[in-house]
Each structure stands twice: as C-alpha cells, then as structure tokens.
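Overview (structure and organization)
Here is how the chains run, residue by residue.
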Amino acid sequence: MLPDGRNCMQVGRPLMIAGLGRSGIVSKLQKDWTSDMRGSYRRISGSFLLIGAALIVTAGATPAPESLIRWDAKNAYLKCDGAIDGTIAWPSRPQATCVAMLMCANERALSAERHRRLIEQIRRVPGCGEP
C-alpha cells in the first residue's frame, strides 16, 4: 500500500504483467535512454560551439569595408582606389588630404590611368608637393 492509499499492484501493474518490473530491464532502459540523451546534448552543444567558432573566425577574416577604414590606419592604402575614383572621400583638411594622397602614390600599386588621375588631384591641393 502506498502512502496515498493506492495499491502498489495498481501503480506498477502494466510493468508487472509484462514481467519487466522485477527484472531490472525498465531501470536499464531508463539508464540507457538517459545516457543517450546526455550524449546527444553533448554532441549538439559541441556542434554549437564549433559553429560559433567558425562564425567568429569568418567574421575576423572578412575585411572591413573600405569606407569604415580610417585614413590614419595601417591599411588605409585600401581606400586609395575608391578615393581616386571618387567613390570614397579624401580627408576633409587639405594637409590630411595631401598626406593621404602621397601615401596612395607611394604605398599602393596603381594602374597608369589611376596614377595619372592621382597626380592631377595632388596638384589641386594647395601646398601639396609632387610624389
């Protein structure tokens, strides 16, 4: 008899009829299922960790758009083509513009046409010398 007044035979009757209640098969099945689920959760969480790491690596390897690079950054030379073509603005102050243009002339391998246009742009900046 259980504390709530129910008969033990009624509670475990289906298991007892099948002969599984006393044999320990049910508890073994429960243990196997529990360990399988733990393994599944470990595999799933491991997969999420791998996916997260891959996303972080991909984001770190993706270059920043040229418009987000500052003119005083080490990789400012990446802006040169766009600035010469007019799709990216040169720095607003004439002195900074001159420095950026001279950097482009010296640091970036330019096509003959771009180099010619850059020289024309440099000559329009007051006080900026020849590259």
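Refer to the structure above for everything that follows.
Right, let's walk through the structure included here.

Parameters and conventions
Residues numbered from 1 in each chain as written. Predicted model: local features only at pLDDT ≥ 70, side-chain atom pairs only at ≥ 80, totals over all residues. Heavy atoms only, no water. Helix = DSSP H or I, 4+ residues; strand = E, 2+ residues; numbered from the N terminus. Buried < 20%, exposed > 50% of the residue type's maximum accessible area, 1.4 Å probe, protein only. Phe/Tyr/Trp six-rings, centres within 6.5 Å; stacked < 30°, edge-to-face > 60°. Contact = heavy atoms within 4.5 Å. Core = buried A, V, L, I, M, F, W, Y, C linked by side-chain atoms within 4.5 Å.

1. Brief notes about the environment of E120
Structurally, E120 can be placed in helix α6 (residues 112-124). Classification of E120 by relative accessible area gives partly exposed; the value is 35%.

2. Section: the packing of aromatic side chains
Enumeration over the complete set of coordinates arrives at one aromatic pair. Seen from their ring centres, W71 and W90 are 5.2 Å apart, and the 20° between their planes marks the pair as stacked. In this pair, W71 is assigned in the loop between α3 (25-61) and α4 (80-85) and W90 in the loop between α4 and α5 (94-107), connecting sequence segments 19 residues apart. The class for W71 is buried, based on a relative accessible area of 19%.

3. Things to note about the side chain of T97
By the secondary structure assignment, T97 is in helix α5. For T97, a relative accessible area of 8% corresponds to the buried category. Dropping the residues within four chain positions of it, T97 is found in contact with W90, P91, S92 and V125.

4. Topic: the nonpolar core
Counting residues in each nonpolar core, the largest one holds 16 residues, and the members touching the most others are W71, W90, M101, C104, L118 and I122. Breaking this core down by element, the ones donating at least two residues are α4, α5 and α6. The dominant element in this core, judged by the number of residues it contributes, is α5, at five residues. If near-sequence neighbours (up to four positions away) are discounted, C104 is found in contact with W71, C80, W90, L110 and L118.

All quantities given are derived from atomic positions and should not be read as evidence of function.
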